[in-house]
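Chains, contacts and geometry: an overview
Residues per chain are reported as follows:
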Amino acid sequence: MERSKVLSSRTSFNSLPLREQPIDPQAEQEIIDSIEEIYFSNDSFDMVQHELEKLPPELNLQELEEYRDKLKRQQAAVSELERVTALQTNLQLAAVICTNARRQLSVSKEGFTEASLGLLANQRRRQLLTGLLKSLRTIKTLVKFVNLLYFLHTLTALTFKHYSCISELNSKLQDTLEQIEEQLDVALSKTCKHFDVSHYTKVQLAYTLLGKTQTAMDQLHMHFTQAIHNTVFQVVLGYVELCAGNADTKFQKMQYKDLCTHITLDSYIPCLTDLCKALWEVMLSYHRTMQWHEAHDKKETTPTPGSNMGQESDESVVDRSYVKKKLEHGLTRIWQDVQLKVKAYILGTDMSNFKYDDFIVVLDVISRLMQVGEEFCGSKSEVLQESIKRQSVNYFKNYHRARLEELRMFLENETWELCPVKSNFNIAQLHEFKFMGQCRSPSVSPSRQAVSSTSPAQEEQSLFQQYLQEGNPFEMHAENKEEETEDVLASNGYESDELEKSVYQDYDSDSDVPEELKQDYVDEQTGDVPLKSVSRETIRSKKKSDYNLNKTNAPILTNTTLNVIRLVGKYMQMMNILKPIAFDVIHCVSQLFDYYLYAVYTFFGRNDMYESSGLGLISSRLRTTLNRIQESLIDMEAVGENAGVHGTAEDRKEKVPSPHLSQLVVLTNSGTLYGLAQRVVATESLVFLAEQFESLQSHLDTMMPAAKKPFLQQFYSQTVSTASELRKPIYWIVAAKAIDYEQMLLMMAGVKWDIRDIMSQHNVYVDVLLKEFEQFNKRLGDVSRHVRIPLPVSNVLWEHCIRLANRTLVEGYANVKKCSNEGRALMQLDFQQFLMKLEKLTDLRPIPDKEFVETYIKAYYLTENDMEQFIKNHREYSMKQLANLVNVCLGSHINKKARQKLLAAIDDIDRPKR
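Residues numbered from 1 in each chain as written. Predicted model: local features only at pLDDT ≥ 70, side-chain atom pairs only at ≥ 80, totals over all residues. Heavy atoms only, no water.

1. Considering the overall build of the protein
- A count of helices and strands for the protein gives 34 helices and two strands.
- Burial statistics for the protein: of 914 residues in total, 42% are counted as buried.
- When contacts within the protein are restricted to residue pairs at least 6 apart in sequence, long-range pairs at least 24 apart make up 80% of them.
- Summed over its atoms, the accessible surface of the protein is roughly 50000 Å², and 52% of this surface lies on carbon and sulfur atoms. (Helix = DSSP H or I, 4+ residues; strand = E, 2+ residues; numbered from the N terminus. Buried < 20%, exposed > 50% of the residue type's maximum accessible area, 1.4 Å probe, protein only. Contact = heavy atoms within 4.5 Å. Areas by Shrake-Rupley, 256 points an atom, 1.4 Å probe, with all protein chains shown as cover.)

2. Observations concerning the pattern of salt bridges
- The tally for this structure, following the rule as stated, stands at 22 salt bridges.
- Of the charged contacts, one joins Glu-432 and Arg-566 as a salt bridge, the two residues approaching to 3.1 Å between their closest N and O atoms. Of this pair, Glu-432 sits in the loop between α12 (382-413) and α13 (449-452) while Arg-566 sits in helix α19 (residues 559-577), and the two are 134 residues apart along the sequence.
- Several salt bridges converge on common partners, so that one network encompasses Arg-401, Glu-405, Arg-408 and Glu-412. (Salt bridge = Lys/Arg side-chain N within 4 Å of Asp/Glu carboxyl O.)

3. Observations regarding unusual backbone geometry
- That bond from Arg-845 to Pro-846 is cis: its omega, -5 degrees, falls within 30 degrees of zero.
- As for its placement among the helices and strands, Pro-846 is situated in the loop between α30 (821-841) and α31 (850-858).
- Here the phi dihedral of Trp-416 falls at roughly 60 degrees; this positive angle occurs in a residue that is not glycine.
- Overall, Trp-416 belongs to the buried group, its relative accessible area being 1%.
- Although it is not a glycine, Leu-673 sits at a positive phi angle of roughly 55 degrees.
- Mapped onto the elements of the fold, Leu-673 is located in the loop between β2 (656-657) and α24 (676-703).

4. So, the packing of aromatic side chains
- One pass over the full model with this rule turns up 33 aromatic pairs.
- Taking the centre distance of 5.6 Å and the plane angle of 20 degrees together, the rings of Tyr-395 and Tyr-399 count as stacked. Linking Tyr-395 with Tyr-399, this pair stays in helix α12, spanning four residues, or about one helical turn.
- For Tyr-395, a relative accessible area of 0% gives the class buried.
- The rings of Phe-224, Trp-280, Tyr-286, Phe-376, Phe-464 and Tyr-467 are connected pair by pair, giving a single aromatic cluster. (Phe/Tyr/Trp six-rings, centres within 6.5 Å; stacked < 30°, edge-to-face > 60°.)

Keep in mind that these numbers describe shape and distance, not what the molecule does.
Below is the structure:
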């Protein structure tokens, strides 16, 4: 503290100017440390005298200026320290002030605010009770007055009617009674929109005193009918005038039906919701009115000790019976009025251009309203169903047509790259399929299900029970409009890029087993190596054909596939809400799948070489399906020169032009195995789509009308189940081009087969063919780096390649002009060498068409009779191959006569084909 005082006193030294710019703290500390200790000694220290005594005898101007600058810096540092000290003192003082202020505020709150609010609450309660007491006294006086008026009216009308003054009194009393009835009628009409038990009880008591209970019930139904009309008119008029702005159109004078046609698209849903809310209030009031009468009748019919059940009781029974029947009949009439008003609103606007989500909201609101009608009077709401069905069919046709065109655009721009979804992807995770998790009946509104899902044993409450006191069933749509979040996409095709690099960095180091198969398995989802690592020997025992061993087992699909799945979800959501159009929707769902299947076939599977291959690549069922799709869905004239000649405009409107493969997709490059990655993504995405359709079959079946269920069953058996069959023709094109079979035929033609010695070394063409297969295996591995190749796909590819190779071998052997027994043995040696090496490359067992080659080679040793039987039994060989077999055997164990006989048998077999 003494040091700070001395520093403060030093600031007055010679009134030196303060520094203009701050320096760093370290430099400032050094300046303070350079101040002499004597300055901190005591307050009586004379610093001026001290500095003067320090001056040398001989003064140097430059040294003085330097020393002056040093003093200035010391003075500035001391001044800065003084300001910091003062600021610290002020902050401490402020903290104390704030603490005291908070304490005082807390005391004020406890002593003033809570006590004052309590007084205000008590005062408000007192005022309410005072008002209630005043109202009860007024009602008591009114009842007495009505009784008096009724008595005077009867007395004057019957007893003193011969007096003129009494007649005038009678007339005035009659007018008073009419005024009372008018006021009661007004009070009765108020219960139609907002039912109040105490208010309605007073009104009914007044009518009972007047003896006009039946009249009151007639008036009540008239008021309910008027309330429905006035309510809907005012709601729609409000929206029309709001949207019209300053237009001069006299909407007030329009009929309600015409007024509905002026609703804009933007205000359609808010207006419909408010319309249903207002109608709900009217129906709820009627429901509560019936409840009141049921409770009142129950109370009246319960006998009490000493009660007089005479003539008055009989009149009460008649009144109660009339009221009960009137109320029951009124249910149907009021609901009919509600349906007609909502029908006029629904049909007043063309919904064909609505957004999908908006149209679903409309369906949901109407579905909820139909649920209200069913609970209100047991009605099936035929009027509402028919009107919404008309709008739905009209909307859905346009919507589906636009979606098909959109799907064609997606397919034509699709590059068939993987859409990176997570390995646990399921369609139930998509927002469009959330409705299925509620497990609700297709004919029930979505918001009703929240109650039924709480407790199966607890009886489900009706809407009138849920919202009897407060709330509105049509308010839930706004509350539940929150966007659902989805978490289905992965960051990329693999869980870890570093892992992907490590998996494939040494791929080519082993000719038989890829290096990726030698590495320890790594959990793709966590990136961790399991505690018990898989050994290399275990990896070697895995399928050689499984090229996705180290990849996540995520589904193979494209953005277009995901869009189709989402679209199916939207379609199902629509028919889930509106069951009458279920068949139309399911038919359109089938067209989405048909078009996707046809596009994949057109892009990757169409080839004129199928028939000549003789491999049966396209089954009759698949061919029938493709022909059906082409005839019913594909607009073939749209791309032809004679467009529109063979089909009417209406027929062509229901069809879609055939899609064209994007130019970005190259299927002719041998380095990519002729677009194998794109072919795998396209084909397997179709298979995945078919699997999703299979999982939805039971749900679709519950929605389908009984008469239309055969259509759904045929769609699944004839179309969905054929998706996997497209693998054969699509991957056959790759297999047919991946290996040079023509080169093998040329090399086999150069081999000499009429040898006389048993050979121990196989021919060179076998090594060349095996080299082709090794290269094919390597290319498959290269492709699998980018796209996971499932085991069924690799099996189909290997099967095709081996079948084509085996058939090429038979064709090569069939081209031999001369062959000895030793030559046939060499053929067997070559084929056995081929099989032995091939089995190291693939785990496909059994080797396809193995017997096809072996049987042909062994047929050389058959006798004449056995050869004839062989020709009849083995139709799988071509006429040329069988004829060559006979010709080569000529001279060894078949003579010319037998040769002619066998050739004639071959010709007989071939003749039916012609």
